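Below are the chains, spelled out letter by letter.
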Amino acid sequence: MNTAATTTVTPGSRALAWCLHLLVAGLLVLAAGRAVAGAASHAAAVVVAAVALGLAYAAGGLLPRARSPRRVAAGWLAVLGALWLVLLVLSADGVWLAFPLYFLQLHLLPRRAGLVAVTATMLAAIVAFTAHRGEFTLAVAVGPTLGAVVAVAVVWGYQALYRESEQRRRLIDQLTAARAELAAAEHTAGVLAERERLAREIHDTIAQGLSSIQLLLRAAERALPDAADTAARHVAQARQAAVDNLAEARRFVAALAPPALEGTTLPDALQRLCATTSARHRLAAGFHLAGDPVPLATAQEVALLRVAQSALGNTVRHARATAAQVRLGYLGDQVAVDVVDDGVGFDPGSSPAGAPGGGGFGLAAMRARVQALGGTLEVRSAAGRGTAVSARLPVAFRAAGGSR
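Residues numbered from 1 in each chain as written. Predicted model: local features only at pLDDT ≥ 70, side-chain atom pairs only at ≥ 80, totals over all residues. Heavy atoms only, no water.

### A few points about the packing of helix 4 (residues 98–108) against helix 5 (residues 111–133)
It is the contact of helix 4 with helix 5, at a shortest axis distance of 8 Å, that shows an interaxial angle of 165°. By the angle between their axes, helix 4 is roughly antiparallel relative to helix 5. Regarding helix 4 and helix 5, the two cross each other, and that crossing is right-handed. Two secondary-structure elements touch here, helix 4 through Ala98, Leu101, Tyr102, Gln105 and Leu106 and helix 5 through Gly114, Leu115, Ala117, Val118, Thr121, Met122 and Ala125. (Axes fitted to C-alpha atoms, helices over the stretch in contact; angles between N-to-C directions. Helix = DSSP H or I, 4+ residues; strand = E, 2+ residues; numbered from the N terminus. Parallel < 35°, antiparallel > 145°, perpendicular 65-115°, else oblique. Left-handed = near helix turned anticlockwise from the far one by under 90°. Contact = heavy atoms within 4.5 Å.)

### Observations concerning the packing of aromatic side chains
What the rule picks out here adds up to 2 aromatic pairs. Ring geometry for Tyr57 versus Trp76: centroids 6.0 Å apart, planes at 40°, classification tilted. With Tyr57 in helix 2 (residues 43–58) and Trp76 in helix 3 (residues 69–90), this residue pair connects regions lying 19 residues apart in the sequence. According to the relative accessible area criterion, Tyr57 is buried, its value standing at 8%. Taking the relative accessible area as the measure of exposure, Trp76 reaches 9% and is therefore buried. With a centroid separation of 5.0 Å and an interplanar angle of 85°, the aromatic rings of Phe99 and Phe103 are classed as edge-to-face. Here Phe99 pairs with Phe103, and both are found in helix 4, just 4 residues apart, close to one helical turn. The buried category is assigned to Phe103, whose relative accessible area is 19%. (Phe/Tyr/Trp six-rings, centres within 6.5 Å; stacked < 30°, edge-to-face > 60°. Buried < 20%, exposed > 50% of the residue type's maximum accessible area, 1.4 Å probe, protein only.)

### Here we look at the pairing of strand 2 (residues 323–331)
Alignment of strand 1 (residues 284–290) against strand 2, held across 7 bridges, turns out to be parallel. Among the inter-strand pairings, Ala284 is bridged to a residue of strand 2, identified as Ala323. Crossover connection from strand 1 via helix 9 (residues 298–319) to parallel strand 2: handedness left-handed. The turn joining strand 2 and strand 3 (residues 334–341), which pair antiparallel and follow one another in sequence, is formed by 2 residues; a positive phi near 75° is taken by Gly332. (Pairing = 2+ DSSP bridges. Right-handed = clockwise from strand over helix to strand, strands pointing away.)

### Quick notes on the sheet that holds strand 4 (residues 376–381)
Within the open sheet, the 5 strands sit side by side as 1-2-3-5-4. Their pairing is mixed. A single partner strand is all that each edge strand has here, and the edge strands are strand 1 and strand 4. Averaged over all neighbouring strand pairs, the angle between strand axes comes to 10°, with direction disregarded. As paired elements, strand 2 and strand 3 share 8 bridges and run antiparallel to each other. Bridging across to strand 3, Gly329 finds its partner in Ala336.

### Remarks on unusual backbone geometry
One non-glycine residue with positive phi stands out, namely Arg320, at about 50°. As for its placement among the helices and strands, Arg320 is situated in the loop between helix 9 and strand 2. Its relative accessible area of 68% is what places Arg320 among the exposed residues.

### With respect to helix 2
With 16 residues, helix 2 extends 22 Å between its outermost C-alpha atoms, agreeing within 8% with the 22 Å of an ideal straight helix rising 1.5 Å per residue. Buried residues of helix 2: Ala43, Val46, Ala49, Ala50, Leu53, Ala56 and Tyr57, and no others. Considered in projection along helix 2, the buried side chains sweep an arc of 155° and stay on one side of the axis. Facing away from the buried surface of helix 2 by more than 90 degrees, the exposed residues are Ala44, Val48, Leu55 and Ala58. (Expected span 1.5 Å × (residues − 1). Arc of directions from axis to C-beta.)

### Some details on the packing of helix 8 (residues 266–280) against helix 9
Running from N to C, helix 8 and helix 9 point in directions that differ by 15°, and their axes come no closer than 10 Å. Comparing the axis directions of helix 8 and helix 9 gives the class roughly parallel. Crossing of helix 8 against helix 9: the hand is right-handed. Contact residues: Leu266, Ala269, Leu270, Leu273 and Thr277 in helix 8; Glu301, Leu304, Leu305, Ala308, Gln309, Leu312 and Val316 in helix 9.

### Some remarks on helix 5
With 23 residues, helix 5 should reach 33 Å at 1.5 Å per residue; the first-to-last C-alpha distance of 33 Å fits that figure. Listing the buried residues of helix 5 in full gives Gly114, Ala117, Val118, Thr121, Met122, Ala125, Ile126, Ala128, Phe129 and Thr130. Just downstream of helix 5, Gly134 is the residue with a positive phi angle, here 85°.

### Re the pattern of salt bridges
Under the definition given, this model contains 6 salt bridges. Here Asp93 makes a salt bridge to Arg34, at a shortest N to O gap of 2.6 Å. Taken together, the positions of Asp93 in the loop between helix 3 and helix 4 and Arg34 in helix 1 (residues 11–37) put the pair 59 residues apart, joining distant regions of the chain. Note that Arg168 and Glu164 form a salt bridge whose closest N and O atoms lie 2.9 Å from each other. Taken together, the positions of Arg168 and Glu164, both in helix 6 (residues 138–223) and 4 residues apart, correspond to about one turn of that helix. A relative accessible area of 40% means that Glu164 is categorised as partly exposed. A cluster of three or more residues bridged by salt bridges with shared partners is formed by Glu166, Arg169 and Asp173. (Salt bridge = Lys/Arg side-chain N within 4 Å of Asp/Glu carboxyl O.)

### Details of the pairing of strand 5 (residues 387–394)
Across the 8 residues that make up strand 5, a large majority, 6, are buried. Where strand 3 and strand 5 come together, 8 bridges link them in antiparallel fashion. Paired with Val337 across the two strands is Ala391, which belongs to strand 5. With 6 bridges joining them, strand 4 and strand 5 adopt antiparallel strand pairing. Looking at strand 5, one finds that Arg380 is bridged to Ala388. Linking two consecutive strands that pair antiparallel, namely strand 4 and strand 5, is a turn of 5 residues; a positive phi of about 80° is found at Gly384 within it.

Structure follows, in structure tokens:
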């Protein structure tokens, strides 16, 4: 009989099943062998009963393929019990087979039915053993009773351990599934964050550069054919802007620091940004440094440079300003970049996308970039009064973000 008929087969349950098979086979051989060796008058009948019981037991291996294993198992146990009673009447040695029968009954039947079957088997063993000995003694009752108690304790204990193991397995499966879902969510969040970062980078660099090229080429177009020298200067400046944008594009591929910061400092990069803007557009962009420069994390330098680039790009495209000032200030535990222009200004609270202050993606990108580093972005503007963009970052972020 496959004792794992109603539960999942495990190495432990398989080993227990084989131990039970060997026990039944050994006890049947013992009963038949003692009858033959003792030259009992009914030895042949004992052998036949033992063989019949053994065949019936072996037939139990077909039970797992039945549609109703519980019902078929109960019928199979009834057949085994009847054959065992025949063997028990013929030989006192059949009493020892009560022990494996206990295990089968407890394992294959519901708990209450199993207890009833074990009790009936125990009483039958005691009565038959008493009849064979011709008297009832305490020893006659102790053996079957103790065997029944041990079988109940072992089977119920094993079932409790099995249930606990199954609960633990289900919990592990749930934790594994939850961890996989968390990893997938983190991956998705990382992808979205990386997309947002790249969008900000493209807006603050390549998009700004392409806009600058467009303005320069438009100026060159207006200068032709009357002012060829002016047009040539605009074209040269557009070509240089294209070169700078190509360097930015290559930086995306190589995942390196911005070319404007390579081999230089943030103040020098901002000063060069102002000079380039003044040379390419009708905007006098000046740079002012306040305080003593301190080392910053690369992420901070990139963020401040991008804010200045984006703010100046908005000024060139929308503000119709004549002058702008970029101020970099080292303020103890903070570092700040302020970009102020004298343009037409706008209402920061209701500015649509593309307004002078960059109320569209540019302003949102600047704010997201600064807030990601624990800083703040403030925009002050009013119609006819220019625009001021101020980004502040904590210098203490260098400890968490790493130095250059």
